[in-house]
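Structural features, examined
Each chain, letter by letter, is given below.
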Amino acid sequence: MYFYAAPKSTPAPTSLDEVDPELLAMYDKLGIPLKEREILAGVERPNVAVDAVMDSVSVVTTFREELAKVGIIFCSISEAIREHAELVQKYLGSVVPVTDNYYATLNSAVFTDGSFVYIPKGVRCPMELSTYFRINEKKTGQFERTLIIAEDDSYVSYLEGCTAPMRDESQLHAAVVELVALENAEIKYSTVQNWYPGDKDGKGGIYNFVTKRGDCRGDNSKISWTQVETGSAITWKYPSCILRGDNSRGEFYSIAISNGYQQVDSGTKMIHLGKNTSSRIIAKGIAAGFSDNTYRGQVSAHAKAKGARNFTQCDSLLIGDKCGAHTVPYIESRNATAVFEHEATTSKISDDQMFYCQQRGLDGEAAVALIVNGFVRDVLQHLPMEFMVESQKLIAISLEGSVG
Amino acid sequence: MANPILEIRNLHARIEDREILKGVNLSIPAGELHAVMGRNGSGKSTLSYVLAGKDDYEITEGEVLLDGVDLLAMEPDERAAAGLFLAFQYPIEIPGVSTMTFLKAAMNAQRKSRGEGELSTPDFMRAVKEAGATLNIDASMLKRPLNVGFSGGEKKRAEVLQMALLAPKMCILDETDSGLDIDALQVVAKGVNGLRTAQRSMLVITHYQRLLNHIVPDVVHVFSDGRIVESGDKSLALQLEAKGYADFDSEPA
Amino acid sequence: MMLKSKMPVRLNAAEETLIAQLRDAGDGAQAERLNVTGLPTRRVESYHYTDLKMLLKAVPPLVEAANSASAPALRVAGAYQLLIANGVPHPGTTAPAGVIVGTSDGAALSAHDDVLVRLNSALAKKSLSLTLEGSVDPIIQIDRRTEGAAAHSASSARIFVADNGSATILETYSGSSEAHVTNNASYIAVGRNATVTHITVDLSGDGVTHFATNEYVLAEGAKLRTLAIHAGSALARTQIFARFAGEGAHGDFGGLNLVGDGQHLDFTLDVNHGVPNTTSQEMFKQVGRGRSKGVFQGKIVVARDAQKTDAKMMMQGLMLSDQAEILSKPELEIYADDVVCGHGSTCGELDADSMFYLMSRGISKPEAETMLVRGFLEEVLDPIEDDELNEALTAVIDDWLVGAKQR
């Protein structure tokens, strides 16, 4: 496993012909428009507010001037360190301390770049901000660092997409994402993660060990994580919310699909510290092939978190009898006025549903894709529109070969 | 005319920042049955909860007297002891507590408030059996946990059974007809009518005129936007049925 | 975790004593193992909420007790009683029809990667041994007692219920309130198409540390109902390890954690559906008063080919104090696809609407509270059909409700 490499100084591809053909095939399946494909492949400058981070280095950030007019800062974190040192100093590491865990420490030691977002007081970000992460280099790890600060009464929706071409070696992705929501602020963070999962025998693939944490620091603040996790050989990822401000709210909506020999261990932590804080967790896991898919989550109410509320729903679907689905919630109530409700189910796709679809002419794979998309609908609807369509297709692709 | 059993004067109440009762005035003399009719969301169920003392509501103005005594100063159990009974629109299910255990506790609580000793088990059983007979309530229903898995009709019959056993002076029936088919409605109405006496007053809260064919009111009030906007005899209910509530809205729709 | 400390653990007094006791008992291997690992901390997943290294301050000497003349804390009319005092089984001389009673050398539990199991297996010298055949009429009560000054004891029972048999077994733990540490084990094999009810009630005194491991193996068509009640001890942990070994078996696993001020009470459950076509239901309730900690860890495991498993687990917690903690970790570990498994976990205080309903019927606030708590708790007794037994268990709850109020 290789850790870090900056992009080689070889010139960027000038046309799609120079881009990894397997990657293009993947984009084809995804139905990503050519324009966007070119952006993703680094051929043309993008026309949405995109920060493209390749091999840990932020290569391009767009729409900056327009955003700057309303005071929004959207740039690479290396630039932010130079240009906005006081903000970076104040907030970087304030949510995820350097010593938080092994991979966070590693990230803190070697991170070179990532995205930085600052939304000033009272500003509603006029467009979706987006970062595409790519691991291009062979034998490398990616260690980007993202910091989003939403001042009082502000709002931002942030999208994160991840792709990597196929490589034989395993590569490490150990990112750190920190969100800070101040009074009445709202941050919506959406991820579609489709790192290379390894080949059909489980060779290669990305090790995706990500530390994502949001701090609802102000009263009435809100942080919402939505994720579609389909890629990577191994994923350990627990986007969390620290509900510090009174009446603050945390949400976690997750779809985690594992096929082949993938191992997914993902979930969330909702730490209720403030009064009348609430959280909601909807997690849908789908395991196929020889994979293992685990939901691991923690909900805890501190003694001072009067009136804390949590609702959790974890559903797992098994496709085939060689995979595993696991649910491991930690539910910790230290306050009599806290009300926690947790529910989990595990089952397979119903034979009746399959038969019905097939009778209407869908083949096995199409039927599974249809039923699974229904199963995850509650989560999909929390994604921004452009990610929703992409995700539906991604789900179908991820489950290819799962029906014997 | 006798002194009123229930006297509501300029009652205002709100939940959080929303004012729901906006000056209710109502006086019900002994032995009379009044109906309050209003569209959904007009605040009529709030009125029943406020009278019974649910603490989600804040009383901002006004007073309520039950037989001359200040009702609003009392806890819900004290109001019950003073003779107020609310038949809930949605009776609460309480797993693990058998209906029988609950009835006994409620009856004994009431006796205690009157300074009487506890009922003996045979006396209790006799009372329940007698009251249950007209309501088609059998022993097996009483052994089940309170309201748990009861059908709509069973829940409403159980409410009327409690009303019969606790013998209140003021009964409030909140949407007692909701969720009942015509047969069940007749059984419940028969039970309620059997409890009408010259001393006991009743307030029937309903959305439909249908119930009032079976439980005939002395006075009908129209409730709109948190207050009573019109009162009349039972023909008012028929008028409402024919023309709808629109005519009575305080502000034009 | 990826980064394991290579540092040797620093042993505390309790660990030192346990290691010495294991050596004295001739189990050098276990002594060495404990010497290396120490007692489990919260980093050991199955002890996440019950950090034994921190909680177990001292272990008293292993002292056996003679037969006891006093009565157990819980009596059920007509029950056939067997005594185990400070770990020593005292089988009676006469036994009811269908009951063969005796003792056997050594402990009863199967090997399990768990420190309490290892300690019991190393330290229990004799097991009470019971074979139950046909329809056994009286309730079999195993009265496990702590006698005299603070002692560490390992107690063990091995129970075989023959094919097609039926039996109700009640185990009670009570005795002196000194700082005893008791490590109890029961191994119960339920034969083909046999029906067994197994109830354990911890009524140990205030100073006692109570550990119990109940291992169940269910053969084809077996029907098992268990109920474990914690109503005593300072620190208690009951481990329930159930293994479905035959198709068509069904298990109902119940538990009641009555946690009062100063107590730390833990139920840890591992239900393993190892073969196809088995079903289970788990229902655990916890209520916390004062400054206390109630723990529930419940895992349902469905093996790769255990198709058609149907398993449903529920934990309900009721918090009656702001200083109470209720910690719950229900887990599903599923390797077969054609299954219906689920769990639920809820926690909160008394329902405000229920309180209002009861009070609107004239029932006073304290009475309404007691009524709701009792209703919440006594629900788990509903399936216990034997009237005498049901009443005795109801009394345990009622006594706790009264006693806990005084705390």
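Note that the structure is predicted; figures quoted are calculated from it, not measured.

What counts, and where the lines are drawn
- Residues numbered from 1 in each chain as written.
- Chains lettered and ligands numbered in written order.
- Predicted model: local features only at pLDDT ≥ 70, side-chain atom pairs only at ≥ 80, totals over all residues.
- Heavy atoms only, no water.
- Helix = DSSP H or I, 4+ residues; strand = E, 2+ residues; numbered from the N terminus.
- Buried < 20%, exposed > 50% of the residue type's maximum accessible area, 1.4 Å probe, protein only.
- Contact = heavy atoms within 4.5 Å.
- Areas by Shrake-Rupley, 256 points an atom, 1.4 Å probe, with all protein chains shown as cover.
- Rg over C-alpha atoms; globule rule 2.2 N^0.38 Å.
- Disulfide = S-S within 2.5 Å.
- Buried area = accessible area lost by both parts, 1.4 Å probe.
- Salt bridge = Lys/Arg side-chain N within 4 Å of Asp/Glu carboxyl O.
- Polar contact = N/O pair within 3.5 Å; in protein donor to acceptor, adjacent residues only side chain to side chain.
- Nonpolar A, V, L, I, M, F, W, Y, C, P; charged D, E, K, R; others polar.
- Expected span 1.5 Å × (residues − 1).
- Lys, Arg positive; Asp, Glu negative; His and termini not counted.
- Pairing = 2+ DSSP bridges.
- Phe/Tyr/Trp six-rings, centres within 6.5 Å; stacked < 30°, edge-to-face > 60°.
- Lys NZ or Arg CZ within 6 Å of the ring centre and 35° of its normal.
- pLDDT = per-residue confidence, 0-100.
- Axes fitted to C-alpha atoms, helices over the stretch in contact; angles between N-to-C directions.
- Parallel < 35°, antiparallel > 145°, perpendicular 65-115°, else oblique.

With that settled, consider the overall build of chain A. Of the regular secondary structure elements, chain A holds ten helices and 22 strands. Looking at chain A residue by residue over its 404 residues, the buried ones come to 61%. Within chain A, residue pairs in contact and separated by at least 24 positions form 82% of the contacts whose partners lie at least 6 positions apart. In the form shown here, chain A has an accessible surface area of approximately 15,200 Å², with 52% of it arising from carbon and sulfur atoms.

Turning next to the overall build of chain C. A tally of helices and strands in chain C yields seven helices and 19 strands. Relative to the 2.2 N^0.38 estimate, which gives 22 Å for 407 residues, the radius of gyration of chain C is 21 Å and therefore close to what a compact globule would have. Referenced to the eigenvectors of the C-alpha coordinate spread, the extents of chain C come out at roughly 65 × 55 × 50 Å. Of all 407 residues assigned to chain C, the portion counted as buried reaches 59%. In chain C, once contacts between residues fewer than 6 apart in sequence are set aside, the share between residues at least 24 apart is 82%.

So, on to the state of the cysteines. If you walk through the whole model with that rule in mind, you get zero disulfides over all chains. Free cysteine: Cys347 of chain C, not disulfide-bonded; nearest cysteine sulfur from Cys314 of chain A at 17 Å. Among the residues examined, Cys347 of chain C registers a relative accessible area of 6% and is labelled buried.

Facing 35 residues of chain A, the contacting portion of chain C comprises 36 residues. Taken together, the two surfaces of chain A and chain C that pack against each other cover about 2,800 Å², and 50% of this comes from carbon and sulfur. Of all residues in chain A, the largest losses of buried area upon contact with chain C belong to Tyr330, Ile331 and Ala336 of chain A, amounting jointly to 18% of the total for that side. If you look at where chain A meets chain C, you find three salt bridges. In this structure, Asp338 of chain C engages Lys348 of chain A in a salt bridge whose closest nitrogen and oxygen atoms are separated by 3.9 Å. Here chain A and chain C share 18 residue pairs in polar contact (both at pLDDT 80 or more) between them. Those elements that place two or more of their residues in the side of chain A that touches chain C are helix H6 (102–110), strand S21 (324–333) and strand S22 (339–348) of chain A. Taken together, the residues that form the side of chain A that touches chain C break down as 15 nonpolar, eleven polar and nine charged.

When the terminal C-alpha atoms of helix H3 (residues 99–113) of chain B are compared, their 21 Å separation across 15 residues agrees well with the 21 Å that a helix rising 1.5 Å per residue should span. Residues of H3 of chain B that are buried: Thr99, Met100, Phe102, Leu103, Ala105, Ala106, Met107, Asn108, Ala109 and Gln110 of chain B.

Before going further, it helps to spend a moment on the side chain of Asp114 of chain C. Residues and elements named next belong to chain C. Relative to the helices and strands, Asp114 is located in the loop between strand S3 (99–105) and helix H4 (115–123). Buried and unpaired, Asp114 has Arg237 as its nearest opposite-charge partner, separated by 4.2 Å. At 3.0 Å, the side chain of Asp114 forms a polar contact with the backbone nitrogen of Val117. Beyond its immediate stretch of four places on either side in the chain, Asp114 contacts Tyr47, Arg237 and Gln239.

On to the interface of chain B and chain C. Chain B puts 30 residues into the contact, and the matching count from chain C is 18 residues. Each partner contributes to the roughly 1,900 Å² buried at the junction of chain B and chain C, and carbon and sulfur atoms together form 70% of this total. Lys54 of chain B serves as the salt-bridge partner of Asp353 of chain C, at 3.1 Å between the closest nitrogen and oxygen. Here chain B and chain C share eight residue pairs in polar contact (both at pLDDT 80 or more) between them. Contributions of two or more residues to the side of chain B that touches chain C are made by helix H1 (44–52), helix H2 (76–81), strand S6 (84–87), strand S7 (94–98), H3 and helix H6 (152–166) of chain B. For the side of chain B that touches chain C, the element with the most residues is H3 of chain B, which contributes five residues. Residues of the side of chain B that touches chain C, tallied by class, amount to 20 nonpolar, five polar and five charged.

With that settled, consider the pairing of strand S11 (residues 219–224) of chain B. All names here are of chain B. The buried count for S11 comes to six of six residues, which makes it a mostly enclosed element. Taking every second residue as pointing to the same face, both faces of S11 are buried, with Val219, His221 and Phe223 on one and Val220, Val222 and Ser224 on the other. Judged from the five bridges that link them, strand S3 (residues 33–38) and S11 form a sheet pairing that is parallel. If you follow Met37 over to S11, its bridge partner there is Val222. With five bridges joining them, S11 and strand S12 (residues 227–232) adopt antiparallel strand pairing. What sits directly across from Val222, in S12, is Glu230.

Under the counting rule described, the total for this entry stands at 16 aromatic pairs over all chains. Geometrically, the ring pair formed by Tyr49 of chain B and Phe356 of chain C is edge-to-face, given 6.1 Å between the ring centres and 70° between the ring planes. With Tyr49 of chain B in helix H1 and Phe356 of chain C in helix H5 (residues 352–360), this pair bridges two chains. Each member of the pair, Tyr49 of chain B as well as Phe356 of chain C, carries the same accessibility label: buried. Chaining the aromatic ring pairs together yields one cluster made of Tyr49, Tyr57, Phe88 and Phe102 of chain B together with Phe356 and Tyr357 of chain C. Sitting over the face of the ring of Phe375 of chain A, Lys284 of chain A holds its NZ or CZ atom 5.0 Å from the ring centroid. Sitting over the ring of Tyr357 of chain C, Arg361 of chain C keeps its end group 4.9 Å from the ring centre.

Okay, the confidence of the model for chain C next. Mean pLDDT over chain C works out to 93, with 96% of the residues at or above the 70 mark. We note a pTM of 0.86 for the whole complex and an ipTM of 0.87 for its interfaces.

So, on to the environment of Leu39 of chain C. Residues and elements named next belong to chain C. Topologically, Leu39 is positioned in the loop between helix H2 (28–37) and helix H3 (52–55). Residue Leu39 is classed as buried on the basis of its relative accessible area of 3%. Each C-alpha atom, one on Leu39 and one on Lys53, is 5.0 Å from the other, the two residues being 14 residues apart in sequence. Excluding residues within four positions of it along the chain, Leu39 makes contact with Glu15, Leu18, Leu34, Leu52, Lys53, Leu56 and Val115.

This part takes up the sheet that holds strand S4 (residues 58–66) of chain B. All names here are of chain B. An order of S2-S1-S4-S5 is seen for the four strands of this open sheet, with the pairing classed as antiparallel. If you trace the sheet from one side to the other, it starts and ends with strand S2 (18–29) and strand S5 (69–70), each paired once. Contacting strand S1 (4–15), S2 and S4, H1 crosses the sheet at an angle of about 110° to S1.

For any two helices packed against each other, one specifies the inter-axial angle together with the distance between the axes. Residues and elements named next belong to chain B. Orientation of H3 relative to helix H4 (residues 121–133), taken along the N-to-C sense of each, is 105°, at an axis distance of 11 Å. Between H3 and H4, the crossing angle belongs to the class labelled roughly perpendicular. For the pair formed by H3 and H4, the contact residues are Met100, Leu103, Lys104 and Met107 on the first element and Thr121, Phe124, Met125, Ala127 and Val128 on the second. Residues belonging to the contact of H3 with H4 are distributed by class as follows: seven nonpolar, one polar and one charged.

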